[in-house]
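# A structural walkthrough
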Amino acid sequence: MDIQLITYIFSTYMLPILVASTFSVLVPLLDVWSKKNKQIVFYATLFNFLIVIASSTNLLINYSNIKEFYLYLGGYTSLFDILFSVAGIMTLFATKQYLEKENYNLKEFYSLLNFAFLGMMIINHSANLLLLFLGIELMSISFFVLSGFIRTKMSAIEASLKYFLLGAFATGFLVYGMALIYGATGSIEYTIIARKLATSQFDATFLAIGFALMLVGLAFKSSVFPFHNWAPDVYTGAPTVVTSFMSTAGKAASFVAFILITKHILLPNDKIEELATTSWGMITEQSGFIIAILSSATMLIGNITALVQKNVKRMLAYSSVAHAGYILMGVVSNNVDGWAGISYYSAAYILMQIGAFVVVSLIEKQDDNRLNLEDYNGLSKSNPFLAAAMGIFMFSLVGLPPFGGFIGKYYLFLSAIESGYLWLTIVAVIASLISVYFYIGLIINMYFREQSNPIEKIHLGMANISIIIAIVGILVLGILPDVLLPTATSVFTNF
Amino acid sequence: MTPFILTLFLPLIGSIIILFLNKDNHKIIKYSTLFISILTFLISLILFFQFDSNNPNIQFYINQIWISSIDAGFRIGMDGMSMLLVMLTTFISPIAILSSFDSIHHRQKEYYFMILLLQFAMTGVFVAMDIFLFYIFWELILIPMYFIIGIWGGKNKLYATVKFFLFTIVGSLFMLVGVIWLANYAGNNILGTGFTTDFIKIRDVASQIPFDNQVWLFWAFAVSFFIKVPLFPLHTWLPDAHTEAPTPGSVILAGILLKMGTYGLIRFNLELFTQASINFAPLISWFAVIGIIYGALVAAVQVDIKRLVAYSSVSHLGFVVLGIFSMTALGIQGAIIQMVNHGLSTGMLFLLVGMIYERRHTREIAEYGGIARIMPVYATFFAIAMFSSVGLPGLNGFVGEYMTLIGAFTSPILNNWAFGIVAALGVIFAAVYLLWMYQRVFFGTNDNPANHHLTDLTKREWTMLVPLVLFIVWIGVYPSTFTNYSENSTRKLINTIEKQKFNRVPFPEIEAMQSDTLNNISKQIEK
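The structure contained in this document is the topic of the report that follows. (Residues numbered from 1 in each chain as written. Chains lettered and ligands numbered in written order. Predicted model: local features only at pLDDT ≥ 70, side-chain atom pairs only at ≥ 80, totals over all residues. Heavy atoms only, no water.)

### As for empty space enclosed by the protein
Residues and elements named next belong to chain B. Rules: Points on a 1 Å grid over protein atoms alone make up a cavity when a 1.4 Å probe fits among them but cannot get out, and a pocket when they form an open set with protein on both sides within 12 Å along at least five of seven lines; lining residues each have an atom within 4 Å of a point. Grid points are joined across faces, edges and corners, and a volume is the space filled by probe spheres set on the points. Per the convention used, a helix needs a DSSP run of H or I reaching at least four residues, while a strand needs a run of E reaching at least two, with both numbered from the N terminus.
Counting across every chain of the model gives 4 cavities of 30 Å³ or more. Space inside the largest cavity adds up to approximately 60 Å³. Around the largest cavity sit Asp79, Met81, Ile266, Arg267, Glu271, Ile332, Ile336, Ser489, Thr490 and Leu493, which together line it. Looking at the lining of the largest cavity, the elements with two or more residues in it are helix 11 (247–272), helix 14 (329–360) and helix 20 (480–501).

Rendered as structure tokens:
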């Protein structure tokens, strides 16, 4: 490959990931170099996200996707890069105020945020199993540290330790699965694996075991039943801003991994009928069914458990488990509509869930005070804007039009029905019905109940920006879906 | 086309304007809301006169691409039934808003925002000619109504509003599955042009959906509509919601929202899943008849006037459902005019109950007695509304009930006189519970000192009631003004039904007109 072409690729396709890597190395150094200027790491991180958004948008609009240097570049990767950066920006604006409130305004936070972000991008861009593993580990390890960031708080330490021990265990499954798949097919590159499978040069037993083990690892990372038990504890114990980033962008990244694995290892949907009797066909059919079961169990259990929660953060944590179940419907469908549904739903989910967590982070007080559902009583009188914002996020999480969550859900349901999973859609509908009760419960508290000692008028500061991004984004996604939906479909059509 | 767009969007624009007004300036908020809704009514009048009632098809059709990848379009249009219901919406809304001046005293800005948003969504439900768009409007109703009951409601508002919300959303989420399944099946398997929610396209091929699937789709849609109507035994949310809602909320709920269910039954269940509808007609008619009798009996024993009126809705809507599932031209015509009637008479009853509640802050029948002597004008208006609700010949209620009963008697699909006979008993019961209540409240001795100083109606209250009375009498004396509008679109529907059941076309002249207007529509699409 001549030098001109390499320069060209580096300056266009590689730009987002190069920027992200540079900044994740640079930010810790900046922290050391500029002791006086305390703001610089904040702005450097913000700058990082903005450049990634700008360059990825450029790629998304003007370039198609390619595969180079073991990386997928452009296309769907740019779409997800933008989603991760938006999540990053929203978290970032809420972070400063939150850390000051907790008396933990340390600069390391920003470095870790950057590393986690880079990990997500590597997952997203990876074209082989090894890079995928690298990305997942980079992201997870950053999150282990971040969730225990407030190191004098018992609940945070517990969260961090729990996440680390279980996470390390899950990583074991993941890497074992990868090794077996390498053994079964003789390659770690997705496309070569897919080609070997298509020409039936593989060992069916090892493929099945390897795939199952990887499924376990990924299910853990995206808090899918029955590997979801860590999530509520970790999401509750971790600092709220960390939870908001980890339960949205982190989850979206895990689903990209899901898409990559299922897309390349399982049979394409349109060939299932003609190859149903081959071992590959059988593995595909059974895995599809198993993932569908996992998906339905995840959404039911997440929503049912959320019903009885008294703590807002814990309620949102369980609801986040349930949403993993909805997103998994797109993996089950294993077609373009399913993947497009995943990206659309992830976008809506990132906006509404981070929005909700930002409101929580503003209302909560030091040492986990003011996190109960009753504390939200009468919020519409004391803080009308926060209450209205939270109301919109809740309605969107329920999946009511005209908010983004509805269109996302509609598209996921559509993809599942198209690929013949009507029963899964009905389970999802029942799960959504259950979820109505607790989301609406919060709105009841805010609007219809009164409190004897109302919350003071809360100073929003920069968190205001995150909330406004979330509201505008949800409304745009809900009213003008053509902004994203055609792009989401087209990037997956030829990938 | 502009009056049509304005009729739909003016309330939305209004609600956004309200958002930017100063929240302490109550007068401006109130009067601009009223102004917007009256303006919408005037514009919809233009539409009413532009409408060609001889044309059985969808008129003023607009087809804009909205979400390209799932072919959900901004498709709106009206046939005769939609026209009447849109007029009902634009007519009742200003009256409800005027009545809010007396009954809403706190958080006014939010209230008027919600009520205009509600008007937008209700109009949208009646004009949407795209199933996805219909679903959006259908769900959009939920949010403003939830807040209207929850914030400005009575003592038990929390219970009532949560119940209302949960009942409605249970139905609508199953409808969502139905919508997606239908759009996928019709688009991919029958038309072969890919997923679509275009109502007209789906309607033209709907008869090709296999019967087994039609059954499921029928119930997926119908349960949602039955909850909204509400049909016995899914009615339990209604008495709570009606009683706890503030007066204007009840007026809108009874006057317009319930009609969305019956509208949906005609528009979707009858038109799309005709075979399944024919199959289930007797079953549903039985539920309707039970609802008529049950609603009337329960209404008779109520001690709260508002609750009594609420249960009378269950009974009256039973007639509408019976008329719809008689599947005769007369029955469906009767059902449509009865929807309008019920909106006028029950809306008026709720207004009147609200007026006395504002004066006495109680709705217990036992608290009153001899009111006719203290408030003669009020008593007269109440009598008119009551007689309209009872179905006294010469007032509107009679026309609708008479037509639905004839429909039930002569229906070749129900083919059983029992429906008509039992339902006719409901008319008698209605007379019993309403007259009895009237007697206890307005006649007898006036021995409660709290009632001695009640003042009669104010000018504002006159303004609300007179237009309602005008239309109650008009429909009672000369219903053709209104029934003409829905006549041909109903006949067209009957043609579709009878073609599938008996393989005959009862109204061939409508059939001849169809091809022309279809051409018109396709011309519009080309433009």
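### A short note on the environment of Ile136(B)
Worth spelling out the cut-off: Only protein chains enter the area calculation, which uses a 1.4 Å probe; residues under 20% of their type maximum are buried, those over 50% are exposed, and those in between are partly exposed. Contact criterion: two residues are considered in contact whenever any of their non-hydrogen atoms come within 4.5 Å of each other.
For Ile136(B), the location among the structural elements is in helix 5 (residues 131–140). For Ile136(B), a relative accessible area of 7% gives the class buried. Measuring from C-alpha to C-alpha, the distance between Ile136(B) and Thr89(B) comes to 18 Å, with 47 residues separating the pair along the chain. Setting aside anything within four residues of it in sequence, one finds Ile136(B) in contact with Pro401(A), Phe406(A) and Trp66(B).

### Thoughts on the pattern of salt bridges
The condition that has to hold: Each salt bridge in this description consists of a side-chain nitrogen of Lys or Arg and a carboxyl oxygen of Asp or Glu lying within 4 Å of one another.
Enumeration according to the criterion identifies 22 salt bridges over all chains in this entry. One salt bridge connects Lys162(A) with Asp233(A), and the closest N-O pair in it is separated by 2.5 Å. Residue Lys162(A) is found in helix 7 (residues 154–185), and its partner Asp233(A) is found in helix 10 (residues 230–237); the two are separated by 71 residues along the sequence. Judged by relative accessible area, which is 27%, Lys162(A) ranks as partly exposed. Given the relative accessible area of 22%, Asp233(A) is considered partly exposed. Asp304(B) is the salt-bridge partner of Arg363(B), the closest N and O atoms lying 3.5 Å from each other. With Arg363(B) in the loop between helix 14 and helix 15 (371–374) and Asp304(B) in the loop between helix 12 (274–300) and helix 13 (305–326), the pair connects residues that are 59 residues apart, well separated along the chain.

### Concerning the packing of aromatic side chains
We count it as follows: Side-chain rings of Phe, Tyr and Trp (the six-membered ring for Trp) are treated as a pair once their centres are within 6.5 Å; stacked means planes under 30 degrees apart, edge-to-face means over 60, and tilted covers the remaining angles. Placement of a positive charge over a ring is assigned whenever Lys NZ or Arg CZ falls within 6 Å of the ring centre and within 35 degrees of the normal to the ring plane.
On inspection of all chains with the given rule, the structure shows 84 aromatic pairs over all chains. Measuring from centroid to centroid gives 6.3 Å for Phe42(A) and Phe93(A), while their planes differ by 65°, and the two rings are edge-to-face. Residue Phe42(A) is located in helix 3 (residues 40–62), and its partner Phe93(A) is located in helix 4 (residues 76–101); the two are separated by 51 residues in the primary sequence. As far as burial versus exposure is concerned, Phe42(A) and Phe93(A) are alike and both buried. When the ring of Phe471(B) is compared with that of Phe482(B), the centres are 6.2 Å apart and the planes differ by 65°; the resulting orientation is edge-to-face. On the criterion of sequence distance, the pair formed by Phe471(B) in helix 19 (residues 459–477) and Phe482(B) in helix 20 is long-range, its members being 11 residues apart. Taking the relative accessible area as the measure of exposure, Phe482(B) reaches 10% and is therefore buried. The rings of Phe4(B), Phe41(B), Phe48(B), Phe49(B), Phe51(B), Phe60(B), Phe91(B), Phe471(B), Trp474(B), Phe482(B) and Tyr485(B) are connected pair by pair, giving a single aromatic cluster. The cationic tip of Lys30(B) hangs over the ring face of Phe101(B); the distance from NZ or CZ to the ring centre is 5.5 Å.

### Some words on helix 20 (residues 463–479) of chain A
Stated precisely, the cut-off is as follows: In this scheme, a helix's expected span is set at 1.5 Å multiplied by one less than its residue total. The reported arc concerns the directions from the helix axis to the C-beta atoms and nothing else.
In a regular helix each residue adds 1.5 Å, so 17 residues correspond to 24 Å; helix 20 of chain A covers 24 Å between its end C-alpha atoms and thus fits that length. Residues of helix 20 of chain A that are buried include every one of Ala463(A), Ser466(A), Ile467(A), Ala470(A), Ile471(A), Gly473(A), Ile474(A), Leu477(A) and Gly478(A), and no others. End-on view of helix 20 of chain A: buried residues confined to an arc of 165°, all on one side of the axis. The secondary structure elements touched by the buried residues of helix 20 of chain A are helix 4, helix 15 (336–363), helix 17 (384–398) and helix 18 (404–418) of chain A together with strand 1 (59–67) of chain B.

### Some details on helix 2 (residues 15–33) of chain A
All names here are of chain A. Note the cut-off: Values of bend correspond, residue by residue, to the angle between axes fitted over the seven residues ending at that residue and the seven starting there.
Between its first and last C-alpha atoms helix 2 spans 25 Å; for 19 residues at 1.5 Å apiece the expected length is 27 Å, and the two agree. Maximal helix bending in helix 2 amounts to about 30°, located at leucine 26; proline proline 28 follows within four positions. Every buried residue of helix 2 is accounted for by Pro16, Ile17, Val19, Ala20, Phe23, Ser24, Val27, Leu30 and Asp31. The elements touched by buried residues of helix 2 are helix 3, helix 4 and helix 5 (108–125).

### Some details on the side chain of Ser37(B)
All names here are of chain B. Basically, it comes down to this: Within 3.5 Å is the distance limit for a polar contact, defined as a pair of N or O atoms, with the added protein rule that one can donate a hydrogen and the other accept it, and that residues adjacent in sequence qualify only through two side-chain atoms.
Its location among the elements puts serine 37 in helix 2 (residues 26–50). On the accessibility criterion, serine 37 (0% relative accessible area) is buried. In terms of polar contacts, serine 37 uses its side chain to reach the backbone carbonyl oxygen of leucine 34, at 3.0 Å. In contact with serine 37, not counting residues within four places along its chain, are Thr90, Pro94, Ile97 and Gln119.

### Topic: the packing of helix 3 (residues 80–103) of chain B against helix 14 of chain B
Each pair of packed helices gets described by two things: the angle between the helix axes and the distance between those axes. All names here are of chain B. To keep it simple, the criterion reads: Here, axes are lines fitted to C-alpha atoms. For helices the fit covers the stretch in contact, and angles between N-to-C directions go from 0 to 180 degrees. Just so you know how the angles are binned, under 35 degrees is roughly parallel, over 145 roughly antiparallel, 65 to 115 roughly perpendicular, and the rest oblique. Nonpolar residues are Ala, Val, Leu, Ile, Met, Phe, Trp, Tyr, Cys and Pro. Charged residues are Asp, Glu, Lys and Arg, and all others, Gly as well, are polar.
Contact pair helix 3 / helix 14: the axes reach a minimum separation of 10 Å and the direction vectors enclose 5°. By the angle between their directions, the pair helix 3 and helix 14 is classed as roughly parallel. Counted together, Met81, Leu84, Leu85, Leu88, Phe91, Ile92, Ile95, Ser99, Asp102 and Ser103 of helix 3 and Ile336, Met339, Val340, Gly343, Leu344, Leu351 and Glu358 of helix 14 form the full contact between these two elements. A class-by-class count of the residues in the contact of helix 3 with helix 14 yields 12 nonpolar, 3 polar and 2 charged.

### Quick look at the interface of chain A and chain B
The criterion, for reference: Buried area counts how much accessible surface, traced with a 1.4 Å probe, disappears from two parts once they are put together, with both parts' losses summed.
Tallying the contact residues gives 38 residues for chain A and 35 residues for chain B. Summing both partners gives a buried area of about 3,200 Å² for chain A against chain B, and 80% of it is carried by carbon and sulfur. Three residues, Tyr410(A), Leu433(A) and Phe448(A), lead the burial of chain A against chain B; their summed loss comes to 21% of the area buried on that side. Taken together, chain A and chain B are joined by 0 salt bridges. For the pair chain A and chain B, the interface holds 3 residue pairs in polar contact (both at pLDDT 80 or more). Within the residue set of the side of chain A that touches chain B, elements represented by two or more residues are helix 16 (379–382), helix 17, helix 18, helix 19 (422–448), helix 20 and helix 21 (485–493) of chain A. A breakdown of the residues in the side of chain A that touches chain B according to their chemical character gives 29 nonpolar, 5 polar and 4 charged.

### Quick look at the layout of surface pockets
Taken as a whole, the largest pocket holds about 1,700 Å³ of empty space. Residue lining of the largest pocket: 48 residues in total, with Ile392(A), Leu19(B), Phe113(B), Met114(B) and Leu117(B) positioned closest to the centre. Breaking the lining of the largest pocket down by element, the ones donating at least two residues are helix 16, helix 17 and helix 20 of chain A together with helix 1 (2–19), strand 1, helix 4 (108–127), helix 5 and helix 6 (142–152) of chain B.

### Considering the environment of Ser389(B)
All names here are of chain B. Position of serine 389 relative to the elements: it lies in helix 16 (residues 376–390). Note on serine 389: relative accessible area 2%, which makes it buried. Each C-alpha atom, one on serine 389 and one on isoleucine 136, is 33 Å from the other, the two residues being 253 residues apart in sequence. When near neighbours in sequence (up to four residues on either side) are disregarded, serine 389 contacts His316, Ser345, Leu349, Glu401 and Leu434.

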